[in-house]
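# Examining the three-dimensional arrangement
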Amino acid sequence: MISQFFVLSQRGDNIVFRDYRGDVQKGSAEIFFRKVKFWREDGEEEAPPVFNVDGVNYFHVKVVGLLFVATTRANVSPSLVLELLQRIARVIKDYLGVLNEDSFRKNFVLVYELLDEVIDFGYVQTTSTEVLKSSVFNEPIMVDAARLPPLGPASIFMQGTKRMPGTAVTKSVVANEPGGRKREEIFVDIIEKISLTFSSSGYILTSEIDGTIQMKSFLTGNPEIRLALNEELSIGRSGRSIYGSRDYSGSSGSGPVILDDCNFHESVHLDSFDVDRTLTLVGDIGKRRLMLMKGPVLMGFCKLDASSAILNQVPPDGEFPVMNYRMTQEFKPPFRINTLIEEAGALKAEVILKIRAEFSPSVTANTIVVQMPLPAYTTRVSFELEPGAVGQMTDFKESNKRLEWGLKKAIFLHKYFQIVGGSDHTLRAKLTFSQESHGNITKEAGPVSMTFTIPMYNTSRLQVKYLQIAKKSKTYNPYRWVRYVTQANSYVARI
Amino acid sequence: MAPPDQSHRSPSPSQPSGTARAESNGTGNSNSNPKSNPNFDSKGEVSDLKMQLRQLAGSRAQGTDDSKRELFKKVISYMTIGIDVSSVFSEMVMCSATSDIVLKKMCYLYVGNYARYNPDLSLLTINFLQRDCKDEDPMIRGLALRSLCTLRVANLVEYLVGPLGSGLKDGNSYVRMVAAVGVLKLYHISSSTCMDADFPVTLKHLMLNDPDAQVVANCLCALQEIWSLEATTSDEASREREVLLSKPVIYYLLNRIKEFSEWAQCIVLELVSKYVPTDSNEIFDIMNLLEDRLQHANGAVVLATVKVFLQLTLSMTDTHQQGPGKLFIVQGQHQGPLQDPQHYLHPVQVYERIKAPLLTQVSSGSPEQSYAVLSHLHLLVMRAPILFSTDYKHFYCQYNEPFYVKKLKLEMLTAVANESNTYEIVTELCEYAANVDIPMARESIRAVGKIALQQYDVNAIVDRLLQFLEMEKDYVTAETLVLVKDLLRKYPQWSHDCIAVVGNISSKNVQEPKAKAALIWMLGEYAQDMQDAPYVLESLAENWDDEHSAEVRLHLLTAVLKCFLRRPPETQKALGAALAAGLSDFHQDVHDRALFYYRLLQYKVSVAERVANPPKQAVSVFADTQSSEIKDRIFDEFNSLAVVYQKPSYMFTDKEHRGPFAFSEELGNLSIGAESAENIVSAQRVEANDQDLLLSTSEKEESRGPSNNGSAYSAPSYDSSAPLVASHAQSELVSLDQTLPQAPQASSAFDDLLGLGFAVTPAPAASPPPLRLNAKAVLDPNTFQQKWRQLPVSTSQEGSITPQGVAALTTPQALLRHMQGHFIHCIASGGQAPNFKFFFFAQKAEESSTFLVECIINSSSCKAQIKIKADDQGSSHAFVALFQSALSSFGMS
């Protein structure tokens, strides 16, 4: 059970504060913020998501710059509370459309209303947007879209520093659009995060894809949805062949997609998954009935009676992950990175960074940044871009001795360093040192790391073959969007 | 309810925006942004609101509700930012007569917030809340009931009972859901009201019958809390608490598991993890039923399921934590995914099954969530590293991970290193060591060192470590020196290679105390092999005053002495300088050590040689930082904060918050309430020994002091201070008179040792056959815990301990040894004076019937609280007697 829930702005202001049990002191938000801001423990400079101050446990997650915090004195499950905080953020986003300080402040009454239904006396009641709809009555006040930062083609995937980005949609699940009626539409995003490490000689040391099929539904009446994946899809790599020395067939190749493991949202029904790789998202009445018929039942004291099959949950509404998957099957990396360091005299060296896009020219990657730590005694760097380079930015960050090569700083220009598939880009950087390097530069610099986003590209070759929505009438034909995106999680080349 | 409360009414530095200031101005919450008005006058504004509300209260005109909404919002926005709007309380209540549910909710929010601080005013709200509890709309009934229970005003509890009673019987599940939690709220306001109204019984009925799963879950939560809190005072409650863990209840909940929301599933699964199945078929049934929960997207559900799996298999094999090696057989004919054709289930299989889902949880979800899961994976890896040795690549660090994640991963990499993967792991770690991130580089070097100490491929690792020294980064050198030192203590055979490299390091480049101490130790230990050791030491000794760390100075003294004993002529000067400086050192230990060496050398150099430079044995194993008992305890608290903090819950939580089924009898940090007056009085009591039988407590109190009457009574070595003797001299005579006639009987009634708490057996002939205990009883901690949870308390009484015993009880260990002599074994102990806590067990000599004892000793009052649980209830009294006798003889030998 949790005692308090609150949301703090980046400056530490209370945006909402709800006390559920009254057993944690009122100043907890202040204690929390001071602790997080001035965290210094065990040489760490970043507060872990869970810590204890004077018997009070503080949990926090960062969502779009806001701190979602829960406190408790009890020895609870940390993953439950952290998951809950994330889920509360998602529910609020479903309602408000946009999650930021402004939308919070405009809708605080609605947020309190939500919080009252989500948690009672510290116990979670529900986090389902659909269930909440029946007990939450305030209408969201939409924040002015014009005041939002412009949504570039890629910035939609740039929310959050790591992992799961939000979908592009910034509209509320409950509010009507200005035009009056809601538009019937559904978004399915296949988001893949790549972690990959090249050895100094260019071999792939480790690689992993962490993917999510994320859905955001604006369909009324929660119809049954069927989602078909590649038929040649197998789950669970047998035994110990993980990272085995198999030749990779490359992302354009064929052959089965082998997932190491995956998990599914509660509402996903896997009855036909083994047969035709179809995920069915069903309403709870259907789910209950099926459950009654199949599945092992413990023969103990109680027999289920038919009346218990009354629904209390409904199929999901709002944004949620349908399926998460993990894959270590080898794949063709979208980028190759080559680094060359040449000493040019005692106090000088040249770094040559070469990036090659290994994907088809019809695809364009963007928001690319390449970084490389340089020796601490580097004093000056001069850059030389290839002739005719457009929209590229180079920088030497004096404070942390880091080389940066990437997108233009001026966000409003909308000019990003884009790389078209199949192309090559090179950067030469001349370094000047304040002391002799003793031929040790490779030990003092690197590794090269890279971030990027590649829309409409997926590395695992996992695909949504079709997305079927149970028809309500002949004219019912909602908009269906299926989008792919690949992002770098940790994309590193050692030198 | 909402943020505002007294503490927020004053400006606090946590809101540096300067906008959300309470008294002076507001923040941009609503359209009527008070911030925009620098001369915002909250008092005027509030009284204005009051006027407007009053006007609206009686109005039935069209659009009234809309204007009310605007006003209510304004009130709540003021409330949120901390302006005191309690003065409009009565107006708000008047306006609450509306069918508009948004208005009602705002009104409830307001009332819930101010009622606690204005108990008089809250009486006003009772009426309309009670009325709303009978509304036609179930939503309003539920909301009103929730608000009613949230008022938290003690003198209003009488108004709660009625609405709660009908709420629990309501036809609508939303209302029942609210009512179930409402009962728990009532319990926290006034437990007696709650118990008197028999609400727990109703909750139990609902829990077992309600068609709505969330109602069931809420009842379960409420009952867990209530019974756990009641269990401290009521045996009935602790029985009820155990009923929750009975097979029918567990099976009932498990059969409905998929009806529950993911959050309620977590609660049910946590309960199931405490259930002890009777046979292996049950284990299979439960695991098969829950198998698909491992594929849940919610990490909390997955971890809760993993806990069930681990606990279930744990209960079947006491070799669980020893990893692979033992099989246990399952006879059933089940078609479960966990079963191979031979119907074997192996703990290893469980680990293999849970591995992939956990790894998926680590890599999906937010960094915070993956950290929580990774902590648990860390625990499993540390317990059974061998099972993860092929998964080591999953523990490689990513450059953008937070340090707290990397640190866990480094520990995991260290743990899983074995012959087959060490080379790769160490190669990877060396990459991190060259990292620009300094804390990370340090941790990585330490990890390499730890792997070296694990004895795999030492040869290659030593080379790598020595390469670190060539990197010429101060922090790398510092960490490496410490490691090389530890390495040499374990593998002296490497000294030649290491010393060659270490000898090249200039002590001037080593500043960190730990590294400097390590270097100095090596200079002393390997003085013969390092050419200029005496001169390096000499220069260090000469700069004695520059050395701020006492640890380094202590090492320096020892190193100089060792060096002197090997190379006297060269080191004489250094020794002189060091001893002189050491003798005048302000630090006590340094001074003492210098003086000791000085005298030693004066006495006999050969003796000094034997003391300072004896042949050393290589260290075989460096002590683990955490005891295995602590580790087991953390494992037992899987899926809780204990895992993240890496310490058992008693170290960071107060007793009442440890969760309903935590192994509540935790050790250490014991807080045994305030001492009663009686205890204080009896603290002066001197308890007599075995032969002092059959005296009531009060008689004994009188009977201390010198006894030279030649009676059966033999006094313990007493406190002979004069006043004490005098004051008791007279009463002693009286008490002895009473004692004497009964003395002969005493010797026969050996079973009934102190005569405390139960009747004296008058006829020796009727006494049962003496209880004999098994001298070599064995019980592993997990079985103990399970039994402790399952069995009811058969005897609970107070015992006593002699002052000699108290004197001997400087550490818990003393008592352990003593009790062992009586064939009563300790399984866990802890605490600090004056409160100690012990868990003992004993087994009957003839059969495998076990007795479990919890014993809390307060050494200032000489009292012991004893709780006994027994397999065989019949013999528990005999055992208590035995236990008491053993306890009271503590310190007498």
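Residues numbered from 1 in each chain as written. Chains lettered and ligands numbered in written order. Predicted model: local features only at pLDDT ≥ 70, side-chain atom pairs only at ≥ 80, totals over all residues. Heavy atoms only, no water.

- If you check an unreviewed UniProt entry, chain B appears there as Beta-adaptin-like protein from Escallonia herrerae.
- As stated in UniProt under Subunit (unreviewed entry), the record for chain B gives "Adaptor protein complexes are heterotetramers composed of two large adaptins (beta-type subunit and alpha-type or delta-type or epsilon-type or gamma-type subunit), a medium adaptin (mu-type subunit) and a small adaptin (sigma-type subunit)."
- Per UniProt, the comment on chain B under Function (unreviewed entry) is "Subunit of clathrin-associated adaptor protein complex that plays a role in protein sorting in the late-Golgi/trans-Golgi network (TGN) and/or endosomes. The AP complexes mediate both the recruitment of clathrin to membranes and the recognition of sorting signals within the cytosolic tails of transmembrane cargo molecules." (UniProt positions renumbered as here; feature names shortened; annotations may be inferred.)

- Where an unreviewed UniProt entry is consulted, chain A appears under the name MHD domain-containing protein, with the organism given as Escallonia herrerae.
- Listed in UniProt under the heading Sequence similarities (unreviewed entry), the comment for chain A reads: "Belongs to the adaptor complexes medium subunit family."
- The UniProt entry for chain A carries the following text under Subcellular location (unreviewed entry): "Endomembrane system".

### Observations regarding the overall build of chain A
- Looking only at helices and strands, chain A features eight helices and 27 strands.
- Within the span of chain A, comprising 495 residues, buried residues form 58% of the whole.
- A fraction of 72% describes how many contacts in chain A between residues 6 or more apart in sequence connect residues 24 or more apart. (Helix = DSSP H or I, 4+ residues; strand = E, 2+ residues; numbered from the N terminus. Buried < 20%, exposed > 50% of the residue type's maximum accessible area, 1.4 Å probe, protein only. Contact = heavy atoms within 4.5 Å.)

### With respect to the side chain of Thr 480 of chain B
- One can find Thr 480 of chain B in helix H23 (residues 474-490).
- Its relative accessible area of 0% is what places Thr 480 of chain B among the buried residues.

### Some words on the interface of chain B and chain A
- Taken together, the contacts link 121 residues of chain B with 112 residues of chain A.
- For the pair chain B and chain A, the summed buried area comes to about 10200 Å², and 55% of that belongs to carbon and sulfur atoms.
- Among the residues chain B hides against chain A, the three largest losses belong to Asn 255, Trp 263 and Tyr 399 of chain B. Together they make up 8% of the total.
- On the surface where chain B and chain A come into contact, there are 10 salt bridges.
- Across the salt bridge formed by Lys 185 of chain B and Asp 120 of chain A, the nearest N and O atoms sit 2.8 Å from each other.
- Counting across the chain B and chain A interface gives 39 residue pairs in polar contact (both at pLDDT 80 or more).
- Among the elements that take part in the side of chain B that touches chain A, helix H17 (residues 347-363) of chain B stands out by supplying eight residues, more than any other.
- For the side of chain B that touches chain A, the residue count by class is 56 nonpolar, 40 polar and 25 charged. (Buried area = accessible area lost by both parts, 1.4 Å probe. Salt bridge = Lys/Arg side-chain N within 4 Å of Asp/Glu carboxyl O. Polar contact = N/O pair within 3.5 Å; in protein donor to acceptor, adjacent residues only side chain to side chain. Nonpolar A, V, L, I, M, F, W, Y, C, P; charged D, E, K, R; others polar.)

### Regarding the nonpolar core
- Grouped together as the largest cluster of nonpolar side chains are 275 residues, with contacts concentrated most on Phe 5, Phe 68 and Phe 104 of chain A together with Val 85, Tyr 110 and Leu 481 of chain B.
- Residue contacts for Leu 481 of chain B: discarding those within four places in its chain leaves Leu 469, Val 502, Ile 505, Val 510, Ala 515, Ala 518, Leu 519 and Met 522 of chain B.
- By size, the runner-up hydrophobic cluster in this structure holds 68 residues, among which are Val 268, Leu 281, Phe 359 and Leu 403 of chain A. (Core = buried A, V, L, I, M, F, W, Y, C linked by side-chain atoms within 4.5 Å.)

### Let's talk about the confidence of the model for chain A
Residues and elements named next belong to chain A.
- When pLDDT is averaged across chain A, the result is 78; 79% of the residues are at 70 or more.
- Below a pLDDT of 50 lies the segment residues 145-168, which in the model reaches 51 contacts outside its immediate sequence neighbourhood of four places, other chains included.
- Confidence drops under a pLDDT of 50 for residues 238-252, and excluding neighbours within four residues, the segment shows 32 contacts in the predicted structure. (pLDDT = per-residue confidence, 0-100.)

### A look at the confidence of the model for chain B
All names here are of chain B.
- This prediction gives chain B a mean pLDDT of 75; 77% of its residues lie at or above 70.
- Across residues 1-39 the pLDDT falls below 50, and counting only partners more than four positions away or on other chains, this stretch makes 92 contacts in the model.
- For the stretch residues 317-344, pLDDT sits under 50, and the model shows 61 contacts to residues farther than four places along the chain or on other chains.
- Across the interface, the model reports ipTM at 0.85; the global pTM reads 0.75.

### Considering the sheet that holds strand S14 (residues 268-269) of chain A
Residue and element names in this part refer to chain A.
- Here four strands make up an open sheet; going across it, the order is S14-S15-S10-S26 and the pairing antiparallel. In the strand order of this sheet, the two ends are held by S14 and strand S26 (464-469), each with one partner.
- As judged from the four bridges shared by strand S10 (residues 225-229) and strand S15 (residues 278-281), these two strands associate in the antiparallel manner. In the strand pairing of S15, Ile 225 is matched with Leu 281. (Pairing = 2+ DSSP bridges.)

### Things to note about the packing of aromatic side chains
- Evaluated as defined, the whole model comprises 35 aromatic pairs over all chains.
- Centre to centre, the rings of Tyr 251 of chain B and Tyr 275 of chain B are 6.5 Å apart; their planes meet at 70°, and the pair counts as edge-to-face. Placement of Tyr 251 of chain B in helix H13 (residues 247-255) and of Tyr 275 of chain B in the loop between helix H14 (262-272) and helix H15 (280-290) is noted, with a sequence separation of 24 residues between them.
- Every member of this aromatic cluster is reached through a ring pair, and the members are Phe 6, Phe 17, Phe 32, Trp 39, Phe 51 and Tyr 58 of chain A.
- Sitting over the face of the ring of Phe 273 of chain A, Arg 277 of chain A holds its NZ or CZ atom 4.6 Å from the ring centroid.
- One Lys or Arg, Lys 355 of chain B, reaches over the ring of Phe 388 of chain B and ends 5.4 Å from the middle of that ring. (Phe/Tyr/Trp six-rings, centres within 6.5 Å; stacked < 30°, edge-to-face > 60°. Lys NZ or Arg CZ within 6 Å of the ring centre and 35° of its normal.)

### Notes on the pairing of strand S3 (residues 50-53) of chain A
All names here are of chain A.
- In this sheet, strand S4 (residues 56-63) lies alongside S3 in antiparallel orientation, the contact comprising four bridges. Bridge pairing links Phe 51 to Tyr 58 in S4.
- Between S3 and S4, which pair antiparallel in sequence order, lie two residues; one of them, Asp 54, sits at a positive phi of approximately 50°.

### Looking at the pattern of salt bridges
- This model, assessed by the stated rule, comprises 63 salt bridges over all chains.
- The residue Lys 401 of chain A makes a salt bridge to Glu 398 of chain A at a minimum N-O spacing of 3.3 Å.
- Here Lys 401 of chain A falls in the buried class, since its relative accessible area comes to 18%.
- We note a salt bridge from Asp 391 of chain B to Lys 355 of chain B, for which the minimum N-O separation is 2.7 Å. Of this pair, Asp 391 of chain B sits in the loop between helix H18 (367-383) and helix H19 (403-416) while Lys 355 of chain B is found in helix H17, placing the two residues 36 residues apart along the sequence.
- The exposure class of Asp 391 of chain B is buried, given its relative accessible area of 6%.
- Salt bridges sharing partners connect three or more residues here, namely Glu 113, Glu 117 and Asp 120 of chain A together with Lys 105, Arg 146 and Lys 185 of chain B.

### A look at the sheet that holds strand S20 (residues 378-385) of chain A
All names here are of chain A.
- If you trace the four strands from one edge of the open sheet to the other, you get S17-S18-S24-S20, paired in antiparallel fashion. Of all strands in the sheet, those with a lone pairing partner are strand S17 (335-343) and S20, marking the two edges. The average undirected angle you get between the axes of adjacent strands in this sheet is 20°.
- Where S20 and strand S24 (residues 424-433) come together, seven bridges link them in antiparallel fashion. Paired with Glu 384 across the two strands is Arg 428, which belongs to S24. (Axes fitted to C-alpha atoms, helices over the stretch in contact; angles between N-to-C directions.)

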